[in-house]
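For reference, the chains in residue letters:
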Amino acid sequence: MDELFQDLQTLTQHRTTVAESERPFWLLEGLPGRYALQYNVSFARRFLVTAIALTTRFTRGSFQQLSCVAEELVLRLLLEQAKSTLDLYGLLDSGTSSALDSFADQVYEDMDHEWLYDDAADGIDEEPALASGGRADGHQELVHPLQRRQVRPPLRVRCPRGCRKRG
């Protein structure tokens, strides 16, 4: 989290995006590069809140599943950071690496977020048929990279007592 806070501070101080900045970033540079022009202060704040919410759910034991692509990207960064830290201290052996990979296999609903890192897919979300969520063959599969997934049925909102019109 400290590194994300520092990245946010860098963006705030220099009023720029990750792509336009000449300064290094701790974690935001680890996100899909083709969207770096969109990684501005507003994005960094939302991404930081997502990271805090996800890690809070992990540490409280209330985690059930990832709820959006942003959480998938946060988890990817967390796993990369965990592997780097373990490797730095000589603790990343084949068993530990296998355990982290197994964890990732169980947590990710799918690996669709990985296509964001594939330069061969650059511009795919800009094609008219695909940008609207459809595929060239007419099927509806692709979504905007950070679009939220619905993970539970919508809650029914009840009107507070006395707010209904009496008549």
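Thresholds, definitions, all that
- Residues numbered from 1 in each chain as written.
- Predicted model: local features only at pLDDT ≥ 70, side-chain atom pairs only at ≥ 80, totals over all residues.
- Heavy atoms only, no water.
- Helix = DSSP H or I, 4+ residues; strand = E, 2+ residues; numbered from the N terminus.
- Expected span 1.5 Å × (residues − 1).
- Buried < 20%, exposed > 50% of the residue type's maximum accessible area, 1.4 Å probe, protein only.
- Contact = heavy atoms within 4.5 Å.
- Core = buried A, V, L, I, M, F, W, Y, C linked by side-chain atoms within 4.5 Å.
- Phe/Tyr/Trp six-rings, centres within 6.5 Å; stacked < 30°, edge-to-face > 60°.
- Axes fitted to C-alpha atoms, helices over the stretch in contact; angles between N-to-C directions.
- Parallel < 35°, antiparallel > 145°, perpendicular 65-115°, else oblique.
- Left-handed = near helix turned anticlockwise from the far one by under 90°.
- Nonpolar A, V, L, I, M, F, W, Y, C, P; charged D, E, K, R; others polar.
- Salt bridge = Lys/Arg side-chain N within 4 Å of Asp/Glu carboxyl O.

Overview of helix H3 (residues 69–88)
Reasoning step 1: Taking 1.5 Å per residue as the helical rise, H3 with its 20 residues ought to reach 28 Å, and the 29 Å between its terminal C-alpha atoms agrees with that figure.
Reasoning step 2: For H3, the complete set of buried residues consists of Val69, Ala70, Glu71, Glu72, Leu73, Val74, Leu75, Arg76, Leu77 and Leu79.
Reasoning step 3: Buried positions along H3 lie against helix H2 (41–60) and helix H4 (94–107).
Reasoning step 4: Within two residues after H3, Gly90 carries a phi angle of roughly 70°, on the positive side.

Remarks on the nonpolar core
Generally speaking, nonpolar side chains in soluble globular proteins are found buried as a group.
Reasoning step 1: Formed by 30 residues in total, the largest nonpolar core has its most connected members in Leu28, Leu31 and Phe47.
Reasoning step 2: Residue assignment for this core shows that the elements contributing at least two residues are helix H1 (2–14), H2, H3 and H4.
Reasoning step 3: The dominant element in this core, judged by the number of residues it contributes, is H2, at seven residues.
Reasoning step 4: Leave out the neighbours within four places in its chain, and Leu28 touches Leu4, Asp7, Leu11, Val18, Tyr39, Phe43, Ala44 and Phe47.

Thoughts on the packing of aromatic side chains
Reasoning step 1: Taken as a whole and judged by the stated rule, the model has four aromatic pairs.
Reasoning step 2: Measuring from centroid to centroid gives 5.6 Å for Phe43 and Phe47, while their planes differ by 15°, and the two rings are stacked. Of this pair, Phe43 and Phe47 both sit in helix H2, four residues apart, which is roughly one turn of that helix. The same class applies to Phe43 as to Phe47, namely buried.

Describing the packing of H1 against H2
Reasoning step 1: Close contact between H1 and H2 brings their axes to 9 Å; oriented N to C, the two are set at 165°. The orientation of H1 with respect to H2, classified from their angle, is roughly antiparallel. Handedness of the crossing formed by H1 with H2: left-handed. On the side of H1, the interface is formed by Leu4, Phe5, Leu8, Leu11 and Thr12, while H2 contributes Val41, Ala44, Arg45, Phe47, Leu48, Ala51 and Ile52.
Reasoning step 2: A per-class count over the contact of H1 with H2 returns ten nonpolar, one polar and one charged.

Notes on the side chain of Thr50
Reasoning step 1: Structurally, Thr50 is set in helix H2.
Reasoning step 2: Accessibility expressed as a relative area gives 13% for Thr50, which makes it buried.
Reasoning step 3: Non-local contacts of Thr50, meaning those with residues more than four positions away in its chain, are made with Ala70, Glu71 and Val74.

Looking at the pattern of salt bridges
Reasoning step 1: Scanning the model with the defined rule gives four salt bridges in all.
Reasoning step 2: We note a salt bridge from Lys83 to Asp101, for which the minimum N-O separation is 2.8 Å. Of the two residues, Lys83 sits in helix H3 while Asp101 sits in helix H4, which places them 18 residues apart along the sequence.
Reasoning step 3: By relative accessible area, which is 36% here, Asp101 ends up partly exposed.
Reasoning step 4: Here the salt bridges do not stand alone but share partners, grouping Arg76, Glu80 and Glu114 into one network.

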